[in-house]
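# Working through the structure, step by step
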Amino acid sequence: MGIVVPAISPAALAEVYAHAREVYPEECCGFLIGARDGVIDEVRRCENWQNRLHQRDPQRFPRDARTAYNIGPKDIAFADASFGGERPVRLVYHSHVDAGAYFSAEDRRAALFDGEPVWPQVDYLVVGTQGRRVTEAKLFRWDERQKEFVEVARYPGEEELFMSPGGHPNE
Ligand SMILES: [Zn+2]
């Protein structure tokens, strides 16, 4: 009854980190894709719609893209269509600007509808950054019993990720 954590290829993780750095100081968002029960090896970057929503209706969307992400309708439709296919969207990722990789109240709101997960088959990868540097990433999964997203895996920040085998980042 151990937790099965999906494997993410180092190249795909590096691509997610690159996306987070590029859009800093805004949050990036996107999908990680892979064969069912296989390694997750493909990244689909999504446009963060939060700025559009904020500009259109700041009452309803008080946050802009620096502190929130919103996946637009085209990418939502892509994910919905992928779930029945050979290579479904397996994870939704987004970054936090100058903050750690925790699952925020805002993230919870975005992932739930009526108290239930919008996409129950999908896990959420949150990427922490400090000044355009990725510090860590954590994977969260809906726990039906606790009715809460819980951390199921951690990934190193970019220094550790790109470090040569056997090397030490501080030497
Ligand atoms: Zn977040």
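One can find the structure itself at the top, above this paragraph.
Residues numbered from 1 in each chain as written. Predicted model: local features only at pLDDT ≥ 70, side-chain atom pairs only at ≥ 80, totals over all residues. Heavy atoms only, no water.

With that out of the way, let us pick up the pairing of strand β2 (residues 40–46). Within a regular strand, side chains alternate between the sheet's two faces. For strand β1 (residues 29–34) and β2, the ladder comprises six bridges, and the chain directions are antiparallel. In the strand pairing of β2, Ile 33 is matched with Glu 42. (Pairing = 2+ DSSP bridges. Helix = DSSP H or I, 4+ residues; strand = E, 2+ residues; numbered from the N terminus.)

Quick look at the coordination of the zinc ion now. Taken together, His 94 (NE2), His 96 (NE2), Asp 107 (OD) and Asp 107 (OD) make up the protein donors of the zinc ion, found 2.0 to 2.3 Å from the metal. Each of the four donor atoms around the zinc ion contributes to a set of angles spanning 59 to 152°, which defines the coordination as irregular. Summarised as a motif, the one-chain spacing of the donors to the zinc ion is H-x1-H-x10-D. In this pair, His 96 sits in strand β3 (residues 89–96) while Asp 107 sits in helix α4 (residues 105–111), placing the two residues 11 residues apart along the sequence. A relative accessible area of 5% places His 96 in the buried class. (Donors = N, O, S within 2.8 Å, 3.2 Å for Na, K, Ca; no water. Tetrahedral: all angles 85-135°; square planar, octahedral: opposite > 155°, others 65-115°. Buried < 20%, exposed > 50% of the residue type's maximum accessible area, 1.4 Å probe, protein only.)

We now examine helix α3 (residues 73–82). Where α3 is concerned, the buried positions are Asp 75, Ala 79 and Ser 82. Summarising the axial view, the buried residues of α3 lie within an arc of 65°, below the 170-degree limit, and thus occupy one face. For α3, the exposed residues lying more than 90 degrees away from the buried face are Pro 73, Lys 74 and Ala 81. In this structure, the buried side of α3 is in contact with β1, β2 and β3. (Arc of directions from axis to C-beta. Contact = heavy atoms within 4.5 Å.)

Counted by the stated rule, this structure contains eight aromatic pairs. Relative to Phe 78, the ring of Phe 31 lies with its centre 6.3 Å away and its plane at 10°, an arrangement referred to as stacked. On the criterion of sequence distance, the pair formed by Phe 31 in strand β1 and Phe 78 in helix α3 is long-range, its members being 47 residues apart. Its relative accessible area of 30% is what places Phe 78 among the partly exposed residues. For the pair Tyr 124 and Phe 149, a centre-to-centre distance of 5.6 Å together with 85° between the ring planes defines the contact as edge-to-face. You can see Tyr 124 sitting in strand β6 (residues 123–130) and its partner Phe 149 sitting in strand β8 (residues 148–156), a full 25 residues away along the chain. Across the pair, Phe 149 and Tyr 124 agree in class, each one buried. Through a chain of ring-to-ring contacts, three or more aromatic side chains come together here, namely Phe 103, Tyr 124, Phe 140, Trp 142 and Phe 149. Stacked on the ring of Phe 78, the Lys or Arg Arg 44 has its end atom at 3.8 Å from the ring centre. (Phe/Tyr/Trp six-rings, centres within 6.5 Å; stacked < 30°, edge-to-face > 60°. Lys NZ or Arg CZ within 6 Å of the ring centre and 35° of its normal.)

As a further point, take the layout of surface pockets. Its volume calculated, the largest pocket comes out at about 350 Å³. Of the residues forming the lining of the largest pocket, the biggest block, three residues, is contributed by α4. When grouped by side-chain class, the residues that make up the lining of the largest pocket number nine nonpolar, three polar and four charged. Approximately 280 Å³ is the volume found for the second largest pocket. Every residue lining the second largest pocket is counted, 15 residues in all, and those nearest its centre are Pro 6, Arg 36, Asp 37, Arg 90 and Gln 121. At three residues, β3 tops the list of elements feeding residues into the lining of the second largest pocket. Of the residues assigned to the lining of the second largest pocket, the class counts are eight nonpolar, two polar and five charged. (1 Å grid on protein atoms, 1.4 Å probe; cavity = no way out; pocket = protein on both sides within 12 Å on 5 of 7 lines; lining within 4 Å. Points joined across faces, edges and corners; volume = space filled by probe spheres on them. Nonpolar A, V, L, I, M, F, W, Y, C, P; charged D, E, K, R; others polar.)

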